[in-house]
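Structural overview
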Amino acid sequence: MEDHELQQWIEQISMDSFGRPFVHQARFNRRLRSTGGRYFMKSHDIEISWSQWETYGRDEIEKIIKHELCHYHLHILKRGYQHRDQDFKTLLAQVGGTRYCQSLPRPRAKQTYKYRLECVNCKTEYYRKRKMDVRKFACGNCRGKLKSYTLDLTAPS
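A few points on the structure. Bear in mind the structure is a predicted one, so any value in this text is a computation, not a measurement.

What follows covers the pattern of salt bridges. A complete count under the given rule lists 8 salt bridges for this structure. Where Glu 62 meets Lys 66, a salt bridge forms, and the shortest distance between an N and an O atom there is 3.6 Å. Of this pair, Glu 62 and Lys 66 both sit in helix 3 (residues 58-76), 4 residues apart, which is roughly one turn of the helix. By relative accessible area, which is 26% here, Glu 62 ends up partly exposed. Residue classification places Lys 66 among the buried residues on the basis of a relative accessible area of 12%. The partner of Arg 79 in a salt bridge is Asp 87, with the nearest N and O atoms 3.7 Å apart.

To continue, consider the environment of Leu 92. Structurally, the position occupied by Leu 92 is in helix 4 (residues 86-95). Expressed as a C-alpha distance, the spacing of Leu 92 and Leu 6, which sit 86 residues apart in the sequence, is 20 Å.

Inspection of the secondary structure puts Leu 74 in helix 3. With 57 residues separating them along the chain, Leu 74 and Ser 17 place their C-alpha atoms 14 Å apart. The contact partners of Leu 74, leaving out residues within four places of it in the chain, are Arg 79, Gly 80, Tyr 81, Asp 87, Phe 88 and Leu 91.

Inspection of the secondary structure assignment puts His 83 in the loop between helix 3 and helix 4. Excluding residues within four positions of it along the chain, His 83 makes contact with His 67, His 71, Phe 88, Lys 89 and Arg 99. In terms of polar contacts, His 83 uses its side chain to reach the side chain of His 71, at 3.3 Å.

Moving on, we get to the nonpolar core. Formed by 24 residues in total, the largest nonpolar core has its most connected members in Ile 10, Ile 46, Ile 48, Ile 65 and Leu 69. For this core, the secondary-structure elements that each account for two or more residues are helix 1 (3-18), strand 1 (26-29), strand 3 (46-49), helix 2 (50-56), helix 3 and helix 4. Top contributing element to this core by residue count: helix 3, with 7 residues. If we ignore the near neighbours within four places in the chain, the residues touching Leu 69 are Ile 10, Ile 13, Ser 14, Phe 18, Phe 22 and Ile 46. In this structure, Leu 117, Cys 119, Tyr 126 and Cys 139 belong to the second largest nonpolar core, which totals 5 residues.

Turning to the sheet that holds strand 1, a few remarks are in order. Strands sit in the order 1-3-2 across an open sheet of 3 strands; the sheet is mixed. With partners counted over all chains shown, the strands left at the sheet margins are strand 1 and strand 2 (37-39), one partner each. Taking each pair of neighbouring strands and ignoring which way they run, the sheet shows an average axis angle of 20°. In terms of strand pairing, strand 2 meets strand 3 through 3 bridges, oriented antiparallel. Paired with Gly 37 across the two strands is Ile 48, which belongs to strand 3. Against the sheet, helix 1 contacts strand 1 and strand 3, and its axis sits at roughly 130° relative to strand 1. The strands that helix 3 touches are strand 2 and strand 3; relative to strand 3, the one it contacts most, it runs at about 160°.

Rules and cut-offs
- All chains use their own residue numbering, which begins from 1 and follows the written sequence.
- Whole-chain, interface and lining totals are the exception, using all residues; otherwise, since this is a predicted model, local features are given only for residues with pLDDT of at least 70 and side-chain atom pairs are given and counted only at 80 or more.
- As a convention, hydrogens and water are excluded, and side-chain values are obtained from all of the structure's heavy atoms.
- Note on definitions: salt bridges are taken to be side-chain nitrogens of Lys or Arg within 4 Å of carboxyl oxygens of Asp or Glu.
- Only DSSP runs of H or I covering at least 4 residues are called helices, and only runs of E covering at least 2 are called strands; the numbering of each starts at the N terminus.
- The cut-offs for exposure are 20% and 50% of the maximum accessible area for each residue type, with area from a 1.4 Å probe on protein chains only; residues under the lower value are buried, those over the upper are exposed, and the others partly exposed.
- We call two residues contacting when some pair of their heavy atoms lies within 4.5 Å.
- As used in this structure description, the phrase polar contact means that two N or O atoms lie within 3.5 Å; if the pair is within protein, one of them must be able to donate a hydrogen and the other to accept it, and residues adjacent in sequence are counted only when both atoms belong to side chains.
- Buried residues of nine kinds, namely Ala, Val, Leu, Ile, Met, Phe, Trp, Tyr and Cys, make up a nonpolar core once their side-chain atoms join them within 4.5 Å.
- Two strands form a pair only when DSSP identifies at least two bridges running between them.
- Here the axes come from fitting lines to C-alpha atoms, over the contacting stretch only for helices, and the angles between their N-to-C directions go from 0 to 180 degrees.

Here it is, written out as structure tokens:
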């Protein structure tokens with residue numbers, strides 16, 4: 001979906017759900033990760049997360065658009081447009097918007113541990129990125145002595 005298609009879609013949702021036109025700019029933002037969308041009070045523009053669109057599709061984005069349009073229309077009407085305001089909560093429930101967007105799945109970062117510590121008594125293993133002085137620390141399970149090993153980072157996983 002392109003920005004101009006998003007613009008038309010938001011204008012249509014605004015008329016259908018709110019009975020009022022959306023006359024400002026809407027666009028996708030590929031950098032938004034922790035939020036589904038944003039409403040800008042100064043410019044009255046709306047940005048929608050591209051990652052939400054790719055991950056969850058049309059139905060979830062429509063709920064996010066309704067959420068942002070609630071901010072938009074209430075702010076223009078000089079009514080309570082913030083999340084905590086009763087006007088916002090009521091309008092959001094009426095139009096079927098979502099209060100919170102779904103979390104995006106996060107790619108697991110590859111951990112590159114350089115050191116493995118092993119308890120001499122209970123054989124519990126600990127992995128560390130930084131070198132530790134094993135004389136100053138003890139095992140968290142049995143308080144035994146630790147032995148340090150350097151991991152080979154060149155070996156294929």
